[in-house]
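Each chain is listed here by its residues.
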Amino acid sequence: MKLLLIEDDKEVSTYIAKGMKESGHVVDCADNGKEGLFLATTEKYDAMIVDRMLPELDGLTIIKTLRGSGNNTPAIILS
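These numbers were taken from a predicted model, which means no experiment stands behind them.

Enquirer: I'd like a rundown of the pairing of strand β4 (residues 75-78), residues and numbers included.
Expert: As defined by bridge partners, strand β3 (residues 47-51) adjoins β4 across 4 bridges and the pair is classed as parallel. Note on β4: the bridge partner recorded for Asp 51 is Leu 78. Note on the crossover from β3 through helix α3 (residues 59-68) to β4: the handedness is right-handed.

In structure tokens, the structure reads:
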């Protein structure tokens, strides 16, 4: 699976990405909302893991924006 991880806490992001990669997944990471939204709209992902509170653009706004544009990629929200 190709996953998008949007998480601003470097330690948490590294831990999650490492575990997903060890399980055989491809993981792209973004550390702020604007970068995450950009990646989500320019690449194809099987699922997203999105932090709720992010700099520049919060996780719920990212998901709402994607849904409004017809992007129905499954999302897991970190809180």
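Structure's up, so let's keep going.
Enquirer: How would you explain the pattern of salt bridges if you had to name every residue and give the values?
Expert: According to the stated counting rule, one finds 3 salt bridges in the structure shown. Note that Glu 22 and Lys 18 form a salt bridge whose closest N and O atoms lie 2.7 Å from each other. Of the two residues, Glu 22 and Lys 18 both sit in helix α1 (residues 10-22), 4 residues apart, roughly one turn of that helix. For Arg 52, the salt bridge identified is with Asp 58, shortest N-O distance 3.5 Å. Judged by relative accessible area, which is 24%, Asp 58 ranks as partly exposed.

Basis of the calculations
Residues numbered from 1 in each chain as written. Predicted model: local features only at pLDDT ≥ 70, side-chain atom pairs only at ≥ 80, totals over all residues. Heavy atoms only, no water. Pairing = 2+ DSSP bridges. Helix = DSSP H or I, 4+ residues; strand = E, 2+ residues; numbered from the N terminus. Right-handed = clockwise from strand over helix to strand, strands pointing away. Salt bridge = Lys/Arg side-chain N within 4 Å of Asp/Glu carboxyl O. Buried < 20%, exposed > 50% of the residue type's maximum accessible area, 1.4 Å probe, protein only.

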